[in-house]
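Close look at the chain arrangement
The residues making up each chain are set out below.
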Amino acid sequence: QHLAIYDMDKTITATPTWMRFLMHAARVRAPWRLALMPLAGVAGLGYLLKLIDRTKLKQLSQRLLLGRAVVAADLESVAETFAAAEIANGVLHGARERIEADRAAGYRLVMATASHGYYAAAIARLLGFDDVVATQARRDGQGRILSVIEGDNCYGPAKLRMIESWMQRTGIARGDMHVRAYSDHVSDAPLLEWADEGFAVNAHGPLRTLATARGWPLLD
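With respect to the packing of aromatic side chains
- Enumeration according to the criterion identifies nine aromatic pairs in this entry.
- Pairing F21 with F82 gives two aromatic rings, centres 5.4 Å apart and planes at 80°, and the pair type is edge-to-face. Of this pair, F21 sits in helix α1 (residues 18-29) while F82 sits in helix α4 (residues 72-89); the two residues are 61 residues apart in sequence, bridging distant segments of the chain. No difference in accessibility class separates F21 from F82, as the two residues are buried.

Quick look at the pairing of strand β6 (residues 178-183)
- In terms of residue burial, β6 counts as a mostly covered element, since five of its six residues are buried.
- The sheet contact formed by strand β1 (residues 2-6) and β6 spans five bridges and is parallel. Looking across to β6, one finds that I5 is bridged to A181.
- Tracing the backbone out of β6, into helix α8 (residues 189-194) and back to the parallel element strand β7 (residues 197-201) gives a crossover that is right-handed.

A few points about the nonpolar core
- Ranked by size, the top nonpolar core spans 39 residues in total, and within it I12, F21, Y118, Y119, I123 and F129 carry the most contacts.
- Taken together, the elements giving at least two residues each to this core come down to β1, α1, α3 (54-66), α4, α5 (93-104), β3 (108-116), α6 (117-127) and β7.
- Sequence-distant contacts of I123, defined by excluding residues within four places in its chain, comprise M8, F82, A83, E86, I87 and M111.
- Core analysis: the next-biggest nonpolar cluster, separate from the first, contains 26 residues, L3, L191, W194 and A211 among them.

Remarks on the packing of α4 against α6
- Orientation of α4 relative to α6, taken along the N-to-C sense of each, is 45°, at an axis distance of 8 Å. As far as their axial angle goes, α6 and α4 are oblique. The chirality of how α4 crosses α6 is right-handed. Judged by residue contacts, L75, A79, E80, F82, A83, A84, E86 and I87 of α4 engage Y118, Y119, A122, I123, R125, L126 and L127 from α6.

Here's the deal with the sheet that holds strand β8 (residues 218-219)
- An order of β2-β5-β4-β3-β1-β6-β7-β8 is seen for the eight strands of this open sheet, with the pairing classed as mixed. One side of each edge strand has no neighbouring strand; the edge strands of this open sheet are β2 (69-70) and β8.
- In terms of strand pairing, β2 meets strand β5 (residues 145-150) through two bridges, oriented antiparallel. Note that in β5 the partner of A69 across the bridge is L146.
- The strands touched by helix α7 (residues 157-170) within the sheet are β1, β3 and β4 (131-139), with β3 carrying the most contacts at an inclination of about 135°.

A short note on the packing of helix α2 (residues 37-48) against α3
- Between α2 and α3, whose axes approach to 9 Å, the crossing angle comes to 175°. Relative to α3, α2 is oriented roughly antiparallel. Side by side, α2 and α3 meet where M37, L39, A40, A43, G44 and Y47 of the first sit next to R54, L57, L60, L64 and L65 of the second.
- Partitioning the contact of α2 with α3 into residue classes produces nine nonpolar, one polar and one charged.

Some words on unusual backbone geometry
- With a phi close to 65°, K10 is a non-glycine residue in the positive phi region.
- Structurally, K10 can be placed in the loop between β1 and α1.
- Its relative accessible area of 39% is what places K10 among the partly exposed residues.
- Of note in the backbone geometry, K50 takes a positive phi value of approximately 65° without being a glycine.
- By the element assignment, K50 lies in the loop between α2 and α3.

Reading the values: rules and limits
Residues numbered from 1 in each chain as written. Predicted model: local features only at pLDDT ≥ 70, side-chain atom pairs only at ≥ 80, totals over all residues. Heavy atoms only, no water. Phe/Tyr/Trp six-rings, centres within 6.5 Å; stacked < 30°, edge-to-face > 60°. Helix = DSSP H or I, 4+ residues; strand = E, 2+ residues; numbered from the N terminus. Buried < 20%, exposed > 50% of the residue type's maximum accessible area, 1.4 Å probe, protein only. Pairing = 2+ DSSP bridges. Right-handed = clockwise from strand over helix to strand, strands pointing away. Core = buried A, V, L, I, M, F, W, Y, C linked by side-chain atoms within 4.5 Å. Contact = heavy atoms within 4.5 Å. Axes fitted to C-alpha atoms, helices over the stretch in contact; angles between N-to-C directions. Parallel < 35°, antiparallel > 145°, perpendicular 65-115°, else oblique. Left-handed = near helix turned anticlockwise from the far one by under 90°. Nonpolar A, V, L, I, M, F, W, Y, C, P; charged D, E, K, R; others polar.

Structure below.
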């Protein structure tokens, strides 16, 4: 049995999707929230200065541009329109080719991304992925999606833990699988090390250096 695990931002898509999704959602749902973008920029600066972590940054930016709570059906509709535009204009040709090649070779396709599952799943579905492991949002008693992350942000070592947890829930034994993993960022080094085949895709400097040392193929 075979698994092909793909990161999303800058591995499949040409550019990061999170802030673009939030801006798209704000334009569709409440354009006045775009005036809060400078505050989101301040939060981003706080992250760069290491005053807040990625989880807090993600929660703050969602609170500013989506609001505290969003009806799930409304967010699903916004996610679908964003995903359609991303598939049309934002997916790298080389990524499409690699995904199709893995599918043809019998690999089960898994998207594993730090992006929120409520929109990453829509992109994954349009690309024909079988499963998604992603950051999840907490829901309130009415089922509304909150600007609070449920569990871990699917990033760095947490991504590998979440993949292993998904495999356990799904009844997939690691020893029974041949695993390929694709990522553009050194934060996914634990996943690339764990895979039988690790691929550095559109790698930035630190990942390119590590890939050269580990013998991981570099893909453009």
